[in-house]
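# A closer look at the structure
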Amino acid sequence: MAFPALFSHVSVGGVELPNRTVMAPINNGLLSVDETWPFQTIRYYEERAKGDIGLIITGAVRVSTLAGIPKVGIYNESFIPSHKKLVDRIHQYDTKIFCQFTINGGKVGKGAPSAIYNPAYPVKPPELTTDEMDQLVQDFIKAAGYAQEAGYDGVEIHGGHTYFVGSCMSPSTNKRTDKYGGSFEGRMKFPADVLKGIAEQYPGFAAGIKFSAYEELPSGIDIPLGIEIAKYLAKLNPAYLHVSATSTSLMIKSRWSSVPHMYINRNTLIPLAEKVKDACPDIPVMGTGGITVPDDAEKFISDGKCDLVALGRTVLADAFWPKKAREGRAKNITPCIRCNVCYYQLWHSEPLICTMNPYLSHENEQELTPAVKKKKVMIVGAGPAGIRCALTASKRGHHVTLYDKMPYIGGMVYPGGQPKFKDDLQHALKWFETELAGSTVMVKLNTEVTQSMVEREAPDALVLAVGGDTIVPHIPGIDKPHVVSAIHVLRDVTKYKGSSAIIIGGGEVGCETA
């Protein structure tokens, strides 16, 4: 077995997990009007269970209509049958499932601990009364009973990213003077009462907590305070500590990015998880932050930096990431390129999409049936679209030839992936090469397709995947021999080494080329 540490058993809150991979809590943007789980969403989770993930944490489920927005609900017993459908589907596999509990609070302009302006909030939110806070504690506890009845293996309290529970813990957003504020213990009272209440009402039912060990907010949680919060929570004996940060959003950038894009190094929050693990050695610690490579995940576990790894965008790109890694097929893993198109979709309340996985949010449509009539297919252009078309057609049994006039595959991904800091795109190129090599597709490079060639080959289907034209600005002298496009430079930078250059255009491509 590859990666023995990553695929060793571990216990969280008395729940035995088959391995240490966790599907991070990510809503897929598909909602039903009655706040139950849509069938497409159940399939979305089921596909990750098929892929041998050890634990699934659902996307955020609301435990109350107070201080939240419509999403999947679990605030009364009428929701139990819907959750049971999801749980039963997942339990067909060797995978456990926790339900994540949340209240959005001030993050969406709803009721918050304090009515203040804050960079984490879009507007000044209304302040909840002490009685309303008391009621919310009870709502969380009651929801745990509904989750247990539905068959969940446990729950996660979402205390990260300055949503309601997180805003209670933060000195930046909690300015209360009643029992839920005024001191460190006061700010910790809400999550503490929730965890203690669940343990008392439903003994033995696992409850983990996600929290921000750092906030990029004025007077927010710094690392020393984050460690104190972790120690306080650890005394309550949660199933695990899921270490995150309040960082990247549409408004806030951070040195501790929780959703790092391709311009930022991977594994951004592992150092925070390591600090928490050092401070709380007896509680399972979950690390996250752009973990996409199995070798990295294995090292974090074997080095004791964390006990579990939460994989978000990673298993959106490839639901079978754990299975392929465990079976020694890491090179076949569809790589997450951290383009964050999925993240932007969620911010705009749209269904998840993925640059590398066209079946995301369409899991019930991805079974490829054999073609009734096998066709001769000619595909012009070996960029990502042409390659994906070729692979799909060949899997259905068609006879496919893929052409490109360049000496390499990948189209614009090839020059775009040349800067050393964009190795995510290099992983994508290697994956394209591996998939093509393992298919029946015939690849012909250095071949410019002409009309006469098409007529001679006489394919049953011709697919044009030639991409777009480069935009060339109308600048006097741009046609002179010493003027070249960034694409030409990035295709083979060795031709230009040792020369001085002026780069016109300071956008992403200009900066990368520089």
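A brief look at the structure comes next. (Residues numbered from 1 in each chain as written. Predicted model: local features only at pLDDT ≥ 70, side-chain atom pairs only at ≥ 80, totals over all residues. Heavy atoms only, no water.)

### Regarding the pattern of salt bridges
- In the structure shown here, the tally under the stated rule is 24 salt bridges.
- For E363, the salt bridge is made with R48, and the minimal N-O distance between the two is 2.8 Å. Placement of E363 in the loop between α11 (341-347) and β12 (376-380) and of R48 in helix α1 (residues 39-50) is noted, with a sequence separation of 315 residues between them. Each member of the pair, E363 together with R48, is buried.
- Between R266 and D296 there is a salt bridge, with the nearest N and O atoms lying 3.4 Å from each other. Here D296 lies in helix α8 (residues 294-302) and R266 lies in the loop between β9 (241-246) and α7 (270-279), a separation of 30 residues in the sequence.
- Each of R43, E46, E47, K50 and R89 takes part in one network of salt bridges that share partners. (Salt bridge = Lys/Arg side-chain N within 4 Å of Asp/Glu carboxyl O. Helix = DSSP H or I, 4+ residues; strand = E, 2+ residues; numbered from the N terminus. Buried < 20%, exposed > 50% of the residue type's maximum accessible area, 1.4 Å probe, protein only.)

### Remarks on the side chain of K71
- Relative to the assigned elements, K71 resides in the loop between β5 (61-62) and α2 (80-90).
- Among buried charged residues, K71 stands out as having no salt bridge; its nearest opposite-charge side chain is E35, 8.9 Å away.
- Apart from the residues within four sequence positions on either side, K71 is in contact with L31, E35, A60, V61, R62, T102 and N104. (Lys, Arg positive; Asp, Glu negative; His and termini not counted. Contact = heavy atoms within 4.5 Å.)

### Topic: the nonpolar core
- Counting 92 residues, the largest nonpolar core has F101, Y152, F190, F211 and L241 as its most contacted members.
- A total of 10 residues in this core trace back to one element, the largest contributor, which is helix α3 (residues 130-150).
- For Y152, the contacting residues outside a window of four places in its chain are W37, T58, H83, L86, V87, I97, F98, C99, A147 and F205.
- One finds L391, V400, I409 and V413 within the second-largest nonpolar core, a separate group that totals 21 residues. (Core = buried A, V, L, I, M, F, W, Y, C linked by side-chain atoms within 4.5 Å.)

### Quick word on the layout of surface pockets
- Taken as a whole, the second largest pocket spans an internal volume of roughly 1,200 Å³.
- Elements with a contribution of two residues or more to the lining of the second largest pocket: β6 (96-102), β9, β11 (308-311), α9 (313-317) and α11. (1 Å grid on protein atoms, 1.4 Å probe; cavity = no way out; pocket = protein on both sides within 12 Å on 5 of 7 lines; lining within 4 Å. Points joined across faces, edges and corners; volume = space filled by probe spheres on them.)

### What about the pairing of β12?
- Counted residue by residue, β12 has four buried out of five residues, so it is predominantly covered.
- Direction of pairing for β12 relative to strand β13 (residues 399-403): parallel, over a ladder of five bridges. By the bridge assignment, V377 is partnered in β13 with V400.
- Considered for its hand, the β-α-β crossover made up of β12, helix α12 (residues 384-395) and β13 is right-handed.
- Where β12 and strand β15 (residues 461-464) come together, four bridges link them in parallel fashion. Bridging across to β15, V377 finds its partner in A461. (Pairing = 2+ DSSP bridges. Right-handed = clockwise from strand over helix to strand, strands pointing away.)

### Quick notes on α2
- When we look at burial in α2, the residues that qualify are I80, S82, H83, L86, V87 and I90. For α2, the angular spread of buried residues about the axis comes to 165°, placing them on one side.
- Tucked into the core, α2 has its buried residues touching α1, β4 (55-57), β5, β6 and α3. (Arc of directions from axis to C-beta.)

### Section: empty space enclosed by the protein
- In the structure shown here, the tally under the stated rule is three cavities of 30 Å³ or more.
- Considered as a void within the structure, the largest cavity measures approximately 90 Å³ in volume.
- Residue lining of the largest cavity: 15 residues in total, with C336, I337, C339, C342 and C354 positioned closest to the centre.
- Of all the secondary-structure elements, those providing two or more residues to the lining of the largest cavity are α9 and α11.
- Ranked by residues supplied to the lining of the largest cavity, first place goes to α9 with three residues.
- Tallied by class, the residues present in the lining of the largest cavity amount to 11 nonpolar, two polar and two charged.
- Computed from the structure, the second largest cavity encloses a volume of approximately 40 Å³.
- Of all elements in the fold, only β12 and β13 reach the threshold of two or more residues within the lining of the second largest cavity. (Nonpolar A, V, L, I, M, F, W, Y, C, P; charged D, E, K, R; others polar.)

### What to know about the packing of aromatic side chains
- Following the criterion strictly, the structure yields 13 aromatic pairs and no others.
- Considering the side-chain rings of W431 and F432, the 5.6 Å spacing of their centres and the 55° angle between planes classify their relative orientation as tilted. The burial state of W431 is the same as that of F432; both residues are buried.
- Three or more aromatic residues joined by ring pairs make a cluster, and in this case those are F140, F164, Y180 and F190.
- Here the guanidinium or amino end of K107 rests over the ring plane of Y163, the centre of that ring lying 4.4 Å away. (Phe/Tyr/Trp six-rings, centres within 6.5 Å; stacked < 30°, edge-to-face > 60°. Lys NZ or Arg CZ within 6 Å of the ring centre and 35° of its normal.)

### So, the sheet that holds β13
- Strand order across the open sheet formed by four strands is β14-β13-β12-β15, with parallel pairing between neighbours. At either margin of the open sheet sits one strand with a lone partner, and together these are β14 (442-444) and β15. Direction aside, the axes of adjacent strands within the sheet are offset by 20° on average.
- Strands in contact with α12 are β12, β13 and β15; relative to β13, the strand with the most contacts, it is inclined by about 165°. (Axes fitted to C-alpha atoms, helices over the stretch in contact; angles between N-to-C directions.)

### Topic: the packing of α1 against α2
- Close contact between α1 and α2 brings their axes to 9 Å; oriented N to C, the two are set at 25°. Put simply, α1 runs roughly parallel to α2. The interaxial crossing formed by α1 with α2 has right-handed handedness. Here α1 contributes F39, I42, R43, Y45, E46 and A49 to the contact with α2, which in turn contributes K85, L86, R89 and I90.
- A per-class count over the contact of α1 with α2 returns six nonpolar, no polar and four charged. (Parallel < 35°, antiparallel > 145°, perpendicular 65-115°, else oblique. Left-handed = near helix turned anticlockwise from the far one by under 90°.)

### Thoughts on helix α5 (residues 184-201)
- Relative to the 26 Å expected for 18 residues at 1.5 Å per residue, α5 spans 26 Å between its end C-alpha atoms, a close match to the ideal helical length.
- Of all the bends in α5, the largest measures some 45° and sits at F190, one to four residues before the proline P191.
- Inspection of α5 places F184, G186, R187, M188, F190, P191, A192, D193, V194, L195, G197 and I198 among the buried residues, and these make up the whole buried set.
- Elements that come into contact with the buried residues of α5 comprise α3, β7 (154-159), α4 (164-169), β8 (206-215) and α6 (223-234). (Expected span 1.5 Å × (residues − 1). Bend = angle between axes of the 7 residues up to and from the residue.)

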